[in-house]
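Examination of the molecular architecture
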Amino acid sequence: VNQTVANHFYRQGLFDLGDRIVNEAGEPKAIAIRSQFFEMHQILKAMRIGNLEPTLKWACINREKLKQNGSNIELKLHWLQFVEILHRGSLSDSLHYARAYLTPFATLHMEKIQKNKNF
């Protein structure tokens, strides 16, 4: 029960409360879960201010798991980053980014990329 309560607090981003439950109840298993929720909240915080770098890093690290689940979130994130660079007005930077990060997805998603449809 203590681990479930601690996980609930971690899921909500209330790490101080979750840590207190873990420390008082002596639930070392919850510590591993804490780091995953902490990473998730850091990624969400960065996304809220328009920083996709932590999310892209996470997607790159978890590429194989995402592929196994049939997810194309890494492509979508790179597309968002490409559009952001393009909006900043740097055509050459956006083309460089596309060549570097969108090209690997071209064989599987060329039609979608060309049509700029939902991936």
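As a starting point, this report considers the structure included with it. (Residues numbered from 1 in each chain as written. Predicted model: local features only at pLDDT ≥ 70, side-chain atom pairs only at ≥ 80, totals over all residues. Heavy atoms only, no water.)

This part covers a nonpolar patch on the surface. A contiguous nonpolar patch, built from M40, L44 and M47 and spanning about 220 Å² of accessible area, is present on the exposed surface. Here M40 lies in helix α3 (residues 29–48). Look at M40 and you get partly exposed, because its relative accessible area is 34%. (Patch = residues over 30% accessible without salt bridge, like charges linked within 9 Å, V, L, I, M, F, W, Y side chains within 5 Å. Areas by Shrake-Rupley, 256 points an atom, 1.4 Å probe, with all protein chains shown as cover. Salt bridge = Lys/Arg side-chain N within 4 Å of Asp/Glu carboxyl O. Helix = DSSP H or I, 4+ residues; strand = E, 2+ residues; numbered from the N terminus. Buried < 20%, exposed > 50% of the residue type's maximum accessible area, 1.4 Å probe, protein only.)

What follows covers the packing of helix α4 (residues 53–61) against helix α6 (residues 73–87). Two numbers describe how α4 lies on α6: the axes approach to 10 Å, and their chain directions differ by 150 degrees. Here α4 is positioned roughly antiparallel relative to α6, judged by the angle of their axes. Crossing of α4 over α6 shows left-handed handedness. Residue-level contacts link E53, T55, L56, A59 and C60 of α4 to E74, L77, H78 and Q81 of α6. Of the residues contributing to the contact of α4 with α6, the split by class is four nonpolar, three polar and two charged. (Axes fitted to C-alpha atoms, helices over the stretch in contact; angles between N-to-C directions. Parallel < 35°, antiparallel > 145°, perpendicular 65-115°, else oblique. Left-handed = near helix turned anticlockwise from the far one by under 90°. Contact = heavy atoms within 4.5 Å. Nonpolar A, V, L, I, M, F, W, Y, C, P; charged D, E, K, R; others polar.)

As a further point, take the side chain of H41. With respect to the helices and strands, H41 occurs in helix α3. Of the polar contacts made by the side chain of H41, one reaches the backbone nitrogen of G13; its length is 3.3 Å. Excluding anything up to four places from it in sequence, H41 contacts Y10, R11, Q12, G13 and F15. (Polar contact = N/O pair within 3.5 Å; in protein donor to acceptor, adjacent residues only side chain to side chain.)

Next up on the list: the packing of aromatic side chains. Tallied over the entire structure, the rule returns four aromatic pairs. Considering the side-chain rings of W79 and F82, the 5.2 Å spacing of their centres and the 45 degrees angle between planes classify their relative orientation as tilted. Note that W79 and F82 are positioned in helix α6 at a spacing of three residues, about one turn of the helix. The exposure class assigned to F82 is buried, which follows from its relative accessible area of 12%. (Phe/Tyr/Trp six-rings, centres within 6.5 Å; stacked < 30°, edge-to-face > 60°.)

Now for the environment of G13. Secondary-structure assignment places G13 in the loop between α1 (2–11) and α2 (15–25). We classify G13 as partly exposed; its relative accessible area is 29%. Residues G13 and F37, spaced 24 residues apart in sequence, show a C-alpha to C-alpha distance of 7.4 Å.

Turning our eyes to something else, we now look at the packing of α1 against α2. Two numbers describe how α1 lies on α2: the axes approach to 7 Å, and their chain directions differ by 165 degrees. Judged on the interaxial angle alone, α2 and α1 are roughly antiparallel. Our pair here, α1 against α2, has a crossing hand that is left-handed. Together, N2, V5, A6, F9 and Y10 of α1 and F15, L17, G18, D19, I21, V22 and A25 of α2 make up the contact between the two elements. Counted by class, the contact of α1 with α2 contains nine nonpolar, two polar and one charged residues.

Our next topic: the nonpolar core. The biggest cluster of nonpolar side chains holds 13 residues, and the ones touching the most others in it are L56, L77, F82, Y97 and L102. Only α4, α6 and α7 (91–102) provide two or more residues apiece to this core. With five residues, α6 is the largest single contributor of residues to this core. The contacts of L56, once residues within four sequence positions are left out, are L77, H78, Q81 and Y97. Formed by five residues, the second largest nonpolar core is a distinct cluster that contains A6, Y10, F15 and F37. (Core = buried A, V, L, I, M, F, W, Y, C linked by side-chain atoms within 4.5 Å.)

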